[in-house]
Amino acid sequence: MKADRKTTKLIGRGKSKTQEVPPTHKAAAPKPHEKKTKRKRTEEALHQAEIRYHALVEQTPVVIYTVDSRQPDFFVYISQQIEALSGYSPQAWIADAQLWNNLIHTEDRERVLAEEIRTNKTGESFNIEYRLVHRDGHLVWVHEEARLLHDASGQPTVWQGFMLDITERKLAEEKIQQSEERYRSLFEQTHDAVFIMDFMGNHVSVNQRAADMLGYTLAEIQKLTFRDISAEITQSENILKRLVAGEQIPLFERLFRKKNGQVFPVEINVELVRDSNGTPQYIQSVVGDITERKQAEEKRTIANKELLLQNEEKEKRAAELALANEELLFQNEEKEKRAAELVLANEELLFQNEEKEKRATELIVANKELAFQNEEKEKRAAELIIANKELAFQNEE
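Report on the accompanying structure. (Residues numbered from 1 in each chain as written. Predicted model: local features only at pLDDT ≥ 70, side-chain atom pairs only at ≥ 80, totals over all residues. Heavy atoms only, no water.)

1. Some points on the overall build of the protein
- When helices and strands are counted, the protein shows 11 helices and 12 strands.
- Within the span of the protein, comprising 397 residues, buried residues form 25% of the whole.
- Put simply, 40% of the contacts in the protein that link residues at least 6 apart link residues at least 24 apart.
- Surface accessibility of the protein: about 28100 Å² in total, with carbon and sulfur atoms responsible for 54%. (Helix = DSSP H or I, 4+ residues; strand = E, 2+ residues; numbered from the N terminus. Buried < 20%, exposed > 50% of the residue type's maximum accessible area, 1.4 Å probe, protein only. Contact = heavy atoms within 4.5 Å. Areas by Shrake-Rupley, 256 points an atom, 1.4 Å probe, with all protein chains shown as cover.)

Shown next as structure tokens:
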């Protein structure tokens, strides 16, 4: 029996395509009422399937679309979610074949269109991320995938694809990238040595400052463990056990050994880094060379001891001076006492001198009186002599 052939139409932007459906062999012609009933059941089943499909498409957060493989710029169908993603309705997308091209960010357009051309030629799946400019002007990051579907004869029919708004994920990735760049910049530029280690103490990543501090090349130190550089291995292993057990380790000091064997002091800030779920990821150790600080501390200690000794000498000297001052004070008190006694003696002597002067004055007066009396006596004696001589003369006469 000759096979019958049916045709159907694939609806695109204002165009249709007649497509042959593979023939089916007929066994026995059904009765008219059976054919009608079967067709009705088929149409109803198809209708219900379409309802379920559209309900699923409209409820999913992604944009579902179909593009004619013969005219890849024309959307045959695009779901309602495209309006939230782009600001344009499905009708606008179907009506304007250049809308998608125009909405692609200028920095991404060449790359995206080149991939579209390539996949249209090869038939490979279209899988790309890019930016769309929303109708209100803000940027929307889109992840788009599409597969080329074929009919029963292997001929390409339509591109079936979806668009997913990944803006939040991209912004989060940018923040993470910026954070990682800041961390990497700090990691490389910090004056301290930074060691990233696994839970066994093996070096996973080390900055250049660490290599310089210990006298290794970066390649050499990457292959080492903390046991190769610690001069106090037992204490360092104890810290590792406590850290892995979940203990918070405060800032501590340790002795490290350089490649040339030189031991020097360091200060270490170590922590167990966890992810957002609290799961341990790695150990981060920030190490600072404190040799200069230790030397300065030693100098300060020596200086403090010297200053203490000087202070003790000063205190001893001060005590001696205090005793000397007390002795001097005592002597001054004795001198003041002696001075007071001398003042009294001087006053007494002055009084005595005044009495003596008074007596002397009286004696002078008395002497003058006596001298006057003596003069009167001498005068009287002279008068008596003259009188005696007169009398003797008279007697001679």
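Now, onward.
2. Examining helix 5 (residues 106–122)
- In a regular helix each residue adds 1.5 Å, so 17 residues correspond to 24 Å; helix 5 covers 25 Å between its end C-alpha atoms and thus fits that length.
- Residues of helix 5 that are buried include every one of Asp-108, Val-112, Glu-115, Glu-116 and Thr-119, and no others. Summarising the axial view, the buried residues of helix 5 lie within an arc of 105°, below the 170-degree limit, and thus occupy one face. Exposed residues on helix 5 whose side chains face more than 90 degrees from its buried face are Thr-106, Glu-110 and Lys-121.
- Where helix 5 is buried, its residues touch helix 4 (99–103), strand 5 (126–133) and strand 7 (156–165).
- Two residues or fewer past helix 5, Gly-123 is found with a positive phi of approximately 80°. (Expected span 1.5 Å × (residues − 1). Arc of directions from axis to C-beta.)

3. Focus on empty space enclosed by the protein
- Counted according to the given criterion, the structure contains 2 cavities of 30 Å³ or more.
- Roughly 230 Å³ of internal volume is contained in the largest cavity.
- If you trace the largest cavity, you find 18 residues lining it, with Met-197, Phe-226, Ser-236, Ile-268 and Ser-285 closest to the centre.
- Sorting the residues of the lining of the largest cavity by element identifies strand 8 (193–197), helix 9 (226–229), helix 10 (233–244), strand 10 (252–257), strand 11 (263–274) and strand 12 (280–289) as the ones contributing at least two each. (1 Å grid on protein atoms, 1.4 Å probe; cavity = no way out; pocket = protein on both sides within 12 Å on 5 of 7 lines; lining within 4 Å. Points joined across faces, edges and corners; volume = space filled by probe spheres on them.)

4. Concerning the pattern of salt bridges
- All chains considered together, the criterion is met by 23 salt bridges.
- With a shortest N-O distance of 3.4 Å, Arg-359 and Glu-362 are connected by a salt bridge. With Arg-359 and Glu-362 both in helix 11 (residues 291–396) and 3 residues apart, this pair spans about one turn of that helix.
- Overall, Glu-362 belongs to the partly exposed group, its relative accessible area being 40%. (Salt bridge = Lys/Arg side-chain N within 4 Å of Asp/Glu carboxyl O.)

5. Comments concerning the sheet that holds strand 5
- Across the sheet, which stays open at both edges, the 5 strands sit in the order 4-3-7-6-5 with antiparallel pairing between neighbours. The strands lining the two open edges of the sheet, one partner per strand, are strand 4 (75–78) and strand 5. Across the sheet, the mean angle from the axis of one strand to that of its neighbour is 25°, orientation sign disregarded.
- Pairing of strand 3 (residues 63–68) with strand 4 involves 3 bridges; the strand directions are antiparallel. By the bridge assignment, Tyr-65 is partnered in strand 4 with Ile-78.
- Each of strand 5 and strand 7 touches helix 5; the most contacted strand, strand 5, lies at about 150° to it. (Pairing = 2+ DSSP bridges. Axes fitted to C-alpha atoms, helices over the stretch in contact; angles between N-to-C directions.)

6. Structural notes on the sheet that holds strand 9 (residues 203–206)
- Judged by pairing direction, the sheet is antiparallel, and its 5 strands sit side by side in the order 9-8-12-11-10 without closing on themselves. The open sheet has two free edges, formed respectively by strand 9 and strand 10, since each of these has just one partner strand. Ignoring strand direction, the axes of neighbouring strands in this sheet form an average angle of 35°.
- Judged from the 9 bridges that link them, strand 11 and strand 12 form a sheet pairing that is antiparallel. The residue of strand 12 that forms the bridge with Val-270 is Ser-285.
- In the packing of helix 11 onto the sheet, contacts are made with strand 10, strand 11 and strand 12, and the angle to strand 11 comes to roughly 125°.

7. Topic: the side chain of His-203
- Along the chain, His-203 turns up in strand 9.
- Beyond its immediate sequence surroundings of up to four residues, His-203 is in contact with Phe-195, Ile-196, Met-197, Ile-221, Gln-222, Leu-224, Thr-225, Phe-226 and Ile-229.

8. Remarks on the nonpolar core
- Among the nonpolar cores identified, the biggest contains 26 residues, and Phe-195, Leu-214, Ile-221, Phe-256, Val-270 and Val-287 are the most heavily contacted of them.
- Taken together, the elements giving at least two residues each to this core come down to strand 8, helix 7 (208–214), helix 9, helix 10, strand 10, strand 11 and strand 12.
- Broken down by element, the residue count for this core peaks at 5 residues, all from strand 11.
- Sequence-distant contacts of Phe-256, defined by excluding residues within four places in its chain, comprise Phe-195, Leu-214, Ile-229, Ser-230, Ala-231, Gln-262, Val-263, Phe-264, Val-266, Ile-268 and Val-287.
- Residues Ile-82, Leu-99, Val-112 and Tyr-130 belong to the second largest nonpolar core, which totals 23 residues. (Core = buried A, V, L, I, M, F, W, Y, C linked by side-chain atoms within 4.5 Å.)

9. Here's the deal with the environment of Arg-254
- As for its placement among the helices and strands, Arg-254 is situated in strand 10.
- The spacing of Arg-254 and Phe-264 is 10 residues in sequence and 8.6 Å in space, taken between C-alpha atoms.
- When near neighbours in sequence (up to four residues on either side) are disregarded, Arg-254 contacts Ser-230, Glu-232, Gln-235, Ser-236, Ile-239, Phe-264, Pro-265, Val-266 and Ile-268.

10. A look at the pairing of strand 10
- Side-chain alternation along strand 10 places Phe-252, Arg-254 and Phe-256 on a buried face and Glu-253, Leu-255 and Arg-257 on a face that remains uncovered.
- Strand direction decides the pairing type here: strand 10 and strand 11, joined by 6 bridges, are antiparallel. Each residue of the ladder has a partner; that of Glu-253, found in strand 11, is Glu-267.
- Two successive antiparallel strands, strand 10 and strand 11, enclose a turn made up of 5 residues, where Gly-261 displays a positive phi of approximately 95°.

Bear in mind that shape data such as this cannot, by itself, settle questions of function.
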